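An overview of the molecular structure
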Amino acid sequence: MIIGSMDTLDENHVDYPAIIQKALAFLREHDFTKMEDGKYPIEGDKCFANLQRYNTRPEDDCKPETHRKFVDIQYMVDGEEFMGWCPLSPDLEESAPYDEERDVTFYKALVPDSSIVLSPGCFAVLYPEDVHRPQASVGEESCRVTKVVVKVAIDSL
């Protein structure tokens with residue numbers, strides 16, 4: 001997992017693959033507060049953005065997940081959420097088998113459990129070996145968020 005902020009993107013000196021640079025440029029160039037929820041193409045089926053608005057939930061209601069075909073770039077536009085993370089390992093127990101159509105495997109828990117807070121302007125680049133638990137509330141109260149999840153096909157890296 002790579003964590004960053006749009007405010008310091010140019011200073012981070014991370015040598016992202018070209019398609020991830022294109023996705024980050026897309027995130028930087030759009031005002032998502034004025035756009036409708038939905039899917040936005042960046043580079044055909046190889047790279048696209050999903051704009052979504054939702055209320056965060058209690059951590060126990062959020063499922064850890066991985067993807068095999070796509071890298072996720074999760075970018076927080078407005079609000080904040082607690083994102084759990086751990087590396088993919090044999091210690092993890094699946095709660096549902098891999099769903100090829102949705103490109104997702106769900107797990108019972110993160111082992112070990114690490115977390116970050118995604119706040120406005122922050123993003124996380126999540127590779128197939130990054131188990132992540134998005135959409136959790138920070139603290140006791142639910143929060144309305146606007147988030148963009150960019151999907152980048154693994155075979156385009």
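Residues numbered from 1 in each chain as written. Predicted model: local features only at pLDDT ≥ 70, side-chain atom pairs only at ≥ 80, totals over all residues. Heavy atoms only, no water.

The strand order across the open sheet formed by six strands is β1-β10-β5-β12-β3-β2, and the pairing between neighbours is antiparallel. The open sheet is flanked by β1 (2–5) and β2 (38–43), the only strands paired with a single partner. Taken over all neighbouring pairs, the strand axes of this sheet differ in orientation by 20° on average, direction set aside. In this sheet, strand β12 (residues 144–153) lies alongside strand β5 (residues 70–78) in antiparallel orientation, the contact comprising eight bridges. Bridge pairing in β12 places M76 opposite K147. (Pairing = 2+ DSSP bridges. Helix = DSSP H or I, 4+ residues; strand = E, 2+ residues; numbered from the N terminus. Axes fitted to C-alpha atoms, helices over the stretch in contact; angles between N-to-C directions.)

What follows deals with helix α1 (residues 18–29). With 12 residues, α1 extends 16 Å from end C-alpha to end C-alpha; this agrees with the ideal 16 Å at 1.5 Å per step. Along α1, the positions that sit buried rather than exposed are I19, I20, A23, L24, F26 and L27. Down the axis, α1 shows its buried residues gathered within 155° of arc, on one side only. Opposite the packed face of α1, turned more than 90 degrees from it, sit the exposed residues A18 and E29. Residues of α1 that are buried make contact with β2, β3 (47–55), β5, β10 (122–126) and β12. (Expected span 1.5 Å × (residues − 1). Buried < 20%, exposed > 50% of the residue type's maximum accessible area, 1.4 Å probe, protein only. Arc of directions from axis to C-beta. Contact = heavy atoms within 4.5 Å.)

This part takes up the layout of surface pockets. Taken as a whole, the largest pocket holds about 470 Å³ of empty space. What lines the largest pocket is a set of 23 residues, among which E65, H67, D72, R102 and K151 lie closest to the centre. Of all the secondary structure elements, the ones that give two or more residues to the lining of the largest pocket are β3, β5, β8 (104–107), β11 (130–136) and β12. If you tally residues by element for the lining of the largest pocket, the top one is β3, at four residues. (1 Å grid on protein atoms, 1.4 Å probe; cavity = no way out; pocket = protein on both sides within 12 Å on 5 of 7 lines; lining within 4 Å. Points joined across faces, edges and corners; volume = space filled by probe spheres on them.)

With nine of 10 residues buried, β12 lies mostly within the body of the structure. Across nine bridges, the pairing between β3 and β12 is antiparallel. Residue pairing across strands places L51 opposite V148, the latter belonging to β12.

Turning next to unusual backbone geometry. V111 connects to P112 through a cis peptide bond whose omega is -10°. Relative to the helices and strands, P112 is located in the loop between β8 and β9 (114–118). Residues other than glycine seldom take positive phi values, yet D103 does so here, at roughly 55°. Among the secondary structure elements, D103 is positioned in the loop between β7 (94–99) and β8. One non-glycine residue, Q135, adopts positive backbone phi at about 75°. Mapped onto the elements of the fold, Q135 is located in strand β11.

Let us now look at the nonpolar core. Judged by nonpolar contacts, the single largest core of 25 residues is most densely connected at L27, I73 and V150. Mapped by element, the contributors of at least two residues to this core are α1, β3, β5, β10 and β12. In terms of residues, this core owes the most to one element, α1, which gives six residues. Beyond its immediate stretch of four places on either side in the chain, V150 contacts A23, L27, I42, C47, F48, A49, V71, D72 and I73. Core analysis: the second largest hydrophobic core is formed by nine residues, Y54, I116, L118 and V145 among them. (Core = buried A, V, L, I, M, F, W, Y, C linked by side-chain atoms within 4.5 Å.)

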